[in-house]
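Chain by chain, the residues:
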Amino acid sequence: MFYEPSKRNHGLSRDPFKAIVAPRPIGWISSMSAKGEINLAPYSFFNGVSSDPPMVMFASEGRKDSITFVEETKEFVCNLATWNLREQMNTTSGRFSRGTNEMKEAGLVSAPSILIKPPRIKTSPCALECQWLQTVHLNDIQGENTDRYVVFGQVVGIHIDESFIKDGWLDTAAMRPIARAGYHEYFVSTPETKFSMRRPGGGDV
């Protein structure tokens, strides 16, 4: 089949785009407003964009509290969403009024960051403390406003649960991170599904 997204002529009950661009890592973003309000929300349009210096991005469909808070304080945390925290992650995806602390609503315990003010999730095995770089407001190919935003941040501090470090390597699969697919579906990384390949000619990992 072939379809044009602008025409929605795929003939399916649901648009398959998100099922194609998958699995997508989840950026579980904690942020703080200038007034000290805490926000926690998951973003499936999330990824790293650079390793040196380490940089990340998350994209929002609509201007939500996360973007407002990040721009107010210029800081945020990316918490790793895992299988053990899947229900809490889903709870924080709900619609809450501004000023509601989603960490508390989900029964999560916060932990202080070291270099920035927004807290991290204590039980998440990894957390990236980030300083805001810029927000890009996206327009479509006709130049029309899409109400879509991409936030970029530089990682200035990293928290790791050392129980997941094996022989000097962080065991990603052992943490069982979850990722978003299309519809209501998710994937989980496990040691059983992990495999390795080296680039032709070698080189650094």
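Residues numbered from 1 in each chain as written. Predicted model: local features only at pLDDT ≥ 70, side-chain atom pairs only at ≥ 80, totals over all residues. Heavy atoms only, no water.

Turning to the pairing of strand 10 (residues 145–160), a few remarks are in order. The pairing of strand 5 (residues 54–61) with strand 10 spans seven bridges and is classified as antiparallel. The residue of strand 10 that forms the bridge with Ser60 is Tyr149. Taken together, the 13 bridges between strand 9 (residues 126–139) and strand 10 define a ladder with antiparallel strand orientation. Within strand 10, the position partnered with Glu129 by the bridge is Gly157. Between the antiparallel neighbours strand 9 and strand 10 lie five residues, among them Gly143 with a positive phi of about 80 degrees. (Pairing = 2+ DSSP bridges. Helix = DSSP H or I, 4+ residues; strand = E, 2+ residues; numbered from the N terminus.)

Let's shift gears to the layout of surface pockets. Which parts of space are left empty comes out when a probe the size of a water molecule is rolled across the atoms. Size it by volume and the largest pocket reaches roughly 1300 Å³. In terms of lining residues, the largest pocket is bounded by 40 residues, among which Lys18, Ser44, Phe45, Glu61 and Lys64 are the most central. Of all the elements in the fold, those that place two or more residues in the lining of the largest pocket are helix 1 (17–20), strand 3 (38–43), strand 5, helix 2 (65–73) and helix 3 (86–91). Here the element with the most residues in the lining of the largest pocket is strand 3; it accounts for five residues. Residues that form the lining of the largest pocket fall into these classes: 16 nonpolar, twelve polar and twelve charged. (1 Å grid on protein atoms, 1.4 Å probe; cavity = no way out; pocket = protein on both sides within 12 Å on 5 of 7 lines; lining within 4 Å. Points joined across faces, edges and corners; volume = space filled by probe spheres on them. Nonpolar A, V, L, I, M, F, W, Y, C, P; charged D, E, K, R; others polar.)

This part takes up the nonpolar core. Membership of the largest hydrophobic core comes to 14 residues, with the highest contact counts inside it found for Ile29, Val56, Phe58, Phe76, Cys78, Cys130 and Val151. At the level of elements, strand 3, strand 5, helix 2, strand 6 (75–80) and strand 10 are the ones that each hand at least two residues to this core. Per element, the largest residue contribution to this core is three residues, and it comes from strand 10. Leave out the neighbours within four places in its chain, and Cys130 touches Val56, Lys74, Glu75, Phe76, Cys78, Ile116, Gln154, Val155 and Val156. Residues Ile26, Leu40, Leu85 and Met89 belong to the second largest nonpolar core, which totals eleven residues. (Core = buried A, V, L, I, M, F, W, Y, C linked by side-chain atoms within 4.5 Å. Buried < 20%, exposed > 50% of the residue type's maximum accessible area, 1.4 Å probe, protein only. Contact = heavy atoms within 4.5 Å.)

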